[in-house]
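An overview of the molecular structure
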Amino acid sequence: QVQLVESGGGSVQAGGSLTLSCAASGDIASTHYMGWFRRAPYEGREGVAAIDRDGSTDYSGSVQGRFTIFKDNAENTLYLRMNTLRPEDSGMYYCAASYSRYVRETLQEYGYQSWGQGTLVTVSS
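Residues numbered from 1 in each chain as written. Predicted model: local features only at pLDDT ≥ 70, side-chain atom pairs only at ≥ 80, totals over all residues. Heavy atoms only, no water.

**Focus on the nonpolar core**
- With 26 residues, the main nonpolar core has Trp-36, Leu-80, Met-82 and Tyr-93 as its most contacted residues.
- Put simply, the parts of the chain that give this core at least two residues each are β3 (18-24), β4 (33-39), β5 (45-52), β7 (67-72), β8 (77-82), β9 (91-98) and β11 (119-124).
- In terms of residue count, β3 provides more of this core than any other element does, four residues in total.
- Tyr-33, Phe-37, Ala-96 and Val-103 belong to the second-largest nonpolar core, a separate cluster that totals six residues. (Core = buried A, V, L, I, M, F, W, Y, C linked by side-chain atoms within 4.5 Å. Buried < 20%, exposed > 50% of the residue type's maximum accessible area, 1.4 Å probe, protein only. Helix = DSSP H or I, 4+ residues; strand = E, 2+ residues; numbered from the N terminus.)

**Here we look at the packing of aromatic side chains**
- Enumeration over the complete set of coordinates arrives at four aromatic pairs.
- Taking the centre distance of 5.0 Å and the plane angle of 55° together, the rings of Phe-37 and Trp-115 count as tilted. You can see Phe-37 sitting in strand β4 and its partner Trp-115 sitting in strand β10 (residues 114-115), a full 78 residues away along the chain.
- Residue classification places Phe-37 among the buried positions, given a relative accessible area of 1%.
- According to the relative accessible area criterion, Trp-115 is partly exposed, its value standing at 26%.
- An aromatic cluster of three or more residues is present, and its members are Phe-37, Tyr-112 and Trp-115.
- Taking the ring centre of Tyr-94 as reference, the NZ or CZ of Arg-45 above it sits at 5.0 Å. (Phe/Tyr/Trp six-rings, centres within 6.5 Å; stacked < 30°, edge-to-face > 60°. Lys NZ or Arg CZ within 6 Å of the ring centre and 35° of its normal.)

**Some remarks on the pattern of salt bridges**
- All told, the structure shown has four salt bridges when counted by the stated rule.
- A salt bridge links Glu-46 to Arg-38, with the nearest nitrogen and oxygen atoms 2.9 Å apart.
- Its salt-bridge partner being Arg-38, residue Asp-89 comes within 3.0 Å of it at the nearest N-O pair. A residue pair is termed long-range when its members are at least 10 positions apart, and Asp-89 in the loop between β8 and β9 and Arg-38 in strand β4 qualify at 51 residues.
- For Arg-38, a relative accessible area of 4% puts it in the buried group.
- Each of the salt bridges in this network shares a partner with another, and the network as a whole consists of Arg-38, Glu-46, Arg-66 and Asp-89. (Salt bridge = Lys/Arg side-chain N within 4 Å of Asp/Glu carboxyl O.)

**A short note on the environment of Val-48**
- In this structure, Val-48 sits in strand β5.
- It is 15 Å that separates the C-alpha atoms of Val-48 and Gly-9, two residues lying 39 residues apart in sequence.
- For Val-48, the contacting residues outside a window of four places in its chain are Trp-36, Phe-37, Arg-38, Asp-58, Tyr-59, Ser-60, Val-63, Phe-67, Leu-80, Tyr-93 and Leu-107. (Contact = heavy atoms within 4.5 Å.)

**A word on unusual backbone geometry**
- Positive phi is not limited to glycine here, since Asn-76 has a value of about 55°.
- In this fold, Asn-76 is placed in the loop between β7 and β8.
- Under the relative-accessibility criterion, Asn-76 is labelled buried at 14%.
- Phi at Thr-84 is positive, roughly 50°, even though this residue is not glycine.
- For Thr-84, a relative accessible area of 46% puts it in the partly exposed group.

From the geometry alone we can't say anything about function, so treat these as descriptive.
If you want it as structure tokens, here you go:
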């Protein structure tokens, strides 16, 4: 399993953009899925976006069209580009990796084995 470290969080006004990075200690090409999850205050962790080995992506309905997940296998880094941010996007964002070939619900956390420590995103009105 790879070790994951997120970065790129910060404070931004509504309508602004941020790009989160997830640096892996090993080859992310060995993963079957990688994803971004977030936890807002008083809320459970929810799936935001996921990407498989071939680059196929899944997004939650609330971020579809605004966020883009992508990866650089050569640099072993996963990214989340967040545009048109809203206050409800605020929360702790976590990078995760799955080694399962049979993950069907890519935005559900149970399919992922490796997790980063999180990076905080705050969007003000």
